[in-house]
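# Chain and residue survey
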Amino acid sequence: MGQTIAEKILSAHVKRGAPTGGEVSPGKLVEVRVDMVLANDITAPIAIREFSRIGVDRVFDPEKVALVPDHFAPNKDMKAAEQCRQLRDFARAQGIKNYFEVGRMGIEHVLLPEEGLVLPGDVVVGADSHTCTYGALGAFGTGMGSTDIAVAMAIGSIWMKVPETIRVLYYGELQPWVGGKDLILYTIGTIGVDGARYQAIEFAGPAIADLPMSGRFTMANMAIEAGAKAGLFAVDDATRAYLEPRAGRPYTAYDADPDATYTRIVEVDVSEIEPQVAFPHLPSNVRPISQVGEVCIDQSVIGLCTNGRWDDLALAAEVLRGRQVHPNVRCIVIPGTQGIYLRAVREGLAEVFVEAGAALSTPTCGPCLGGHMGVLAAGERCVSTTNRNFVGRMGHPTSEVYLANPAVAAASAVLGRIAGPEEVID
Amino acid sequence: MSDEMCLKAKRRANYVRLEKLCGRVWKYGDNVNTDAIIPARYLNVSTPEELAAHCMEDIDSGFASQVEAGDVIVSGANFGCGSSREHAPLAIKGAGISCVVAVSFARIFYRNAINIGLPILECRKAVSGTEAGQTLEVDLTQGTITNLDSGETFQAEPYPSFLMGVIGAGGLIPYTRRRLGVG
C-alpha cells in the first residue's frame, strides 16, 4: 500500500522491538529514532531538570542536540538570564557544539535550516511547537514538551502516534503581494485551528512548485496553528538549491506514493486569494485585505520565525523604501538570524528600515510571545508577521494582534492602519 | 458543598486510593490555548508553584486565587492548543487541579500531561453534561466520570496500552528509568 511522506520518514526511523510496537500505519504508536533534538531558553530548563532525573550522564549524541537561547534572549531580565545560563552550562558540560550564543545566533527555526542542521528525511523533535517548520525541507519536524525532549536527549528515540495525513493541493497563479503567509492563513481559515489536529499536512500542487523556500518555511511553520503534528513538502529543485551550499551530509528525499491514503484532500485555487489578515484572537479568523476595514494600529512587527527570512525582509523593504513609518506606529523589524541581519546591513536593507523610522533588532522571539522588544499595553493593536494572535499573546490581555504577511505589515506601518501594499505603492 | 459531596462520595465508595478523584468544576470553552493557561510573560520561571499563581490569568482572573486542591477543569475541543510549553500542564497541576476533562486535547498538551502525570480524559458527553461549580467524581482506572449533582455517569475514551504503562509508571521519566533499568 502506498505511503504518505510522513509515513515514509517514520518507517525509515522506526525502532524495532520497542514497547510501542512497530507498525507504521495511521493511529499506531511507534518509537522513532531522532536525527536532531532541539530546545530553547524557555523549554530547555525543564528538559535539563527532567534529564537529570533519568539516570544517564550524557546525551545520546552531542552532535544531534541543538540548544538555542532565542525566546527571552538577549536576556530580558534576571530570571531569563538564569534560564539562558542553564542552557549554556548544560551545552558546555555535555559538549554540545550546536549551542548558539547571542550575537551568533538566530531564531531556532530559521537558524537550524540555514546552518544545514536539518535535512530532508530527518526526524526532528523540538521543545517548541513550531518545530514543524522543518517540513519545508521534507523533514518530519514536530513539537513536543520538555519531558519528551529530555527523554529524546537521553536515549535518542521517542514514541509517536503515526499521523493520518491531509493533502492540500494549491493550484492557479498567485496574485501580487500574495505569498506563503497568505496561503497558510487562508488554509487555516478553511480547515480551522484544530482542522489537522493529530494529523500531518502535505502541502502540494502546481502553485507550490512556484513558491520560494521562504514561503514554504512560513507555511510549514504555521501547520501547528491548524493543530497539525507536521507540515510537509516534497523535495524539489528549489529545495535542492537551498540545500546545496548547506548540506554537510547525505540526505534522503521522500515523496508520497501516488496511491497513498489521505484522510482528506483540500483544493485551493490560489488565484482567488488576496493578502490575508487573521483577526484576534485565532489564526483561523481570517479576512482578505479588502474586507479588513479601518483598523488603526500602534505597532507593526516584521520578521521572526514565521517571516524573518531574507525574502520576507526584502518585501518589507520594498514597501518601506523611501517612506516613513506613521507617527502613531512603532515598527520593529527582527531578522531570523545574524546571517540575515548581516546581509541586510551589506545590501542596504538595514538602511531602508532605519531611515523609515523602524527599529531593527538582533534576532529574538521577544515580542511574538509578549516577552520583550515590543510588548503591548492595554488596548493596543499590532499587525504582526508572527504566527499567533491569542488573547494576551503580545502583552496585555486587552491588546490585539493581527497576523499578516511582511508587505502588509510594512504598508500598515506606513499608513497607521491595516492596509495592503498597493495602497502605498502606486 | 463540594467538599461535603466529595466526602460523602468517598465514604460511599469506601476508598482512599488516588485513582478516584473528586472536585468542583471549572468550565471553559473550545480552543483554550497555552497562552491562556499560562501567559508567556511568566515563562522565565518553571516550578509548578510559581506558574500556578498565574494559571488562566488572562481568561479567568479569579481562577488562581479561588481554585482548590482536587478541583477539575472541564473544557471543550482542542484544549491546550498553541505552544509546546510544558509549563501549561505544570501550572494546572501546581494549582491543585486533579484532572482535566475535555472534548479533545491538542496533541502536544496531551503528551505533556501524560508525561508529567496530570490526569486527562476525553469525553464529549461529560463536557456537555457538566456545568461550572458542579462536582465531578473521576475514576481513572475505569475511565468513568460521574456528575455528583446530576447523578449521571459518563465513559471516557480509553488509552492505548502503551500509554497506560506510562501513566501507571507515574509519567515518562519514571517509565524511562524503569525501562533503562535504573528505576
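Owing to the predicted nature of the structure, the values given are computational and were not obtained by experimental measurement. (Residues numbered from 1 in each chain as written. Chains lettered and ligands numbered in written order. Predicted model: local features only at pLDDT ≥ 70, side-chain atom pairs only at ≥ 80, totals over all residues.)

### Looking at the overall build of chain A
What chain A contains, in helices and strands, is 14 helices and 18 strands. The C-alpha atoms of chain A give 21 Å as radius of gyration, which agrees with the globular expectation for 426 residues (22 Å, within 12%). With the C-alpha coordinates of chain A rotated into their principal frame, the extents come out at 65 × 50 × 40 Å. Relative to its full complement of 426 residues, chain A shows a buried share of 62%. (Helix = DSSP H or I, 4+ residues; strand = E, 2+ residues; numbered from the N terminus. Rg over C-alpha atoms; globule rule 2.2 N^0.38 Å. Buried ≥ 20, exposed ≤ 12 C-beta atoms within 10 Å, placed from the backbone.)

### A word on the overall build of chain B
Per the secondary structure count, chain B includes nine helices and seven strands. Against the globule reference of 16 Å for 183 residues, chain B gives a C-alpha radius of gyration of 16 Å, in line with a compact fold. Its C-alpha atoms put chain B at 40 × 40 × 25 Å along the principal axes. Counting the 183 residues in chain B, one finds 50% classified as buried. Across chain B, contacts joining residues at least 24 apart in sequence account for 64% of those joining residues at least 6 apart. (Contact = placed C-beta atoms within 7 Å.)

### Some words on the sheet that holds strand 9 (residues 199-204) of chain A
All names here are of chain A. The strand order across the open sheet built from four strands is 10-9-8-11, with neighbouring strands paired in parallel fashion. Strands with a single pairing partner mark the edges of an open sheet, and in this sheet they are strand 10 (230-232) and strand 11 (264-269). Strand-to-strand twist of the sheet, defined as the mean angle between neighbouring strand axes without regard to direction, takes the value 20°. Alignment of strand 8 (residues 164-171) against strand 11, held across six bridges, turns out to be parallel. Each residue of the ladder has a partner; that of Tyr-171, found in strand 11, is Asp-269. Across the sheet, helix 1 (residues 5-13) lies against strand 8, strand 9 and strand 10, angled at about 110° from strand 10, the strand it touches most. Sheet strands in contact with helix 6 (residues 180-191) are strand 8 and strand 11, and its direction is about 130° off that of strand 11. (Pairing = 2+ DSSP bridges. Axes fitted to C-alpha atoms, helices over the stretch in contact; angles between N-to-C directions.)

### Examining the interface of chain A and chain B
Taken together, the contact pairs 45 residues of chain A with 38 residues of chain B. Put simply, the parts of the chain that give the side of chain A that touches chain B at least two residues each are helix 2 (44-54), helix 3 (78-94) and helix 5 (146-155) of chain A. Of the residues forming the side of chain A that touches chain B, the biggest block, six residues, is contributed by helix 5 of chain A. The residue makeup of the side of chain A that touches chain B, split by class, is 21 nonpolar, 13 polar and eleven charged. (Nonpolar A, V, L, I, M, F, W, Y, C, P; charged D, E, K, R; others polar.)

### Quick look at the confidence of the model for chain B
This prediction gives chain B a mean pLDDT of 92; 91% of its residues lie at or above 70. Both confidence scores are given for the complex: pTM 0.96, ipTM 0.93. (pLDDT = per-residue confidence, 0-100.)

### Considerations on the packing of helix 2 of chain A against helix 3 of chain A
All names here are of chain A. Where helix 2 contacts helix 3, the two axes come as close as 9 Å, and the packing angle between them is 50°. Classified by the angle their axes make, helix 2 and helix 3 are oblique. Considering only the axes of helix 2 and helix 3, their crossing is left-handed. On the side of helix 2, the interface is formed by Ala-44, Pro-45 and Ile-48, while helix 3 contributes Gln-83, Gln-86, Leu-87 and Phe-90. In terms of residue class, the contact of helix 2 with helix 3 is built from five nonpolar, two polar and no charged. (Parallel < 35°, antiparallel > 145°, perpendicular 65-115°, else oblique. Left-handed = near helix turned anticlockwise from the far one by under 90°.)

### Here's the deal with the environment of Leu-112 of chain A
All names here are of chain A. Turning to its location among the elements, Leu-112 is positioned in helix 4 (residues 108-114). Residue Leu-112 is classed as buried on the basis of its C-beta count, with 27 C-beta atoms lying within 10 Å. Sequence separation of Leu-112 and Ala-73 is 39 residues, and the distance between their C-alpha atoms is 17 Å. Residue contacts for Leu-112: discarding those within four places in its chain leaves Leu-38, Ala-66, Leu-117 and Val-118.

### Some points on the packing of helix 11 (residues 310-320) of chain A against helix 13 (residues 349-356) of chain A
Residues and elements named next belong to chain A. Packing of helix 11 against helix 13 leaves a shortest axis separation of 9 Å and a crossing angle of 45°. Classified by the angle their axes make, helix 11 and helix 13 are oblique. For the pair helix 11 and helix 13, the sense of crossing is left-handed. In contact with Leu-313, Ala-314, Ala-317 and Leu-320 of helix 11, helix 13 contributes Leu-349, Val-352, Phe-353 and Ala-356.

### Brief notes about the nonpolar core
With 210 residues, the main nonpolar core has Ala-316 of chain A together with Val-100 and Val-101 of chain B as its most contacted residues. When neighbours within four sequence positions are excluded, Val-100 of chain B is seen to be in contact with Ile-73, Ser-75, Phe-79, Ile-92, Ala-113, Leu-118 and Ile-120 of chain B. (Core = buried A, V, L, I, M, F, W, Y, C linked by C-beta atoms within 7 Å.)

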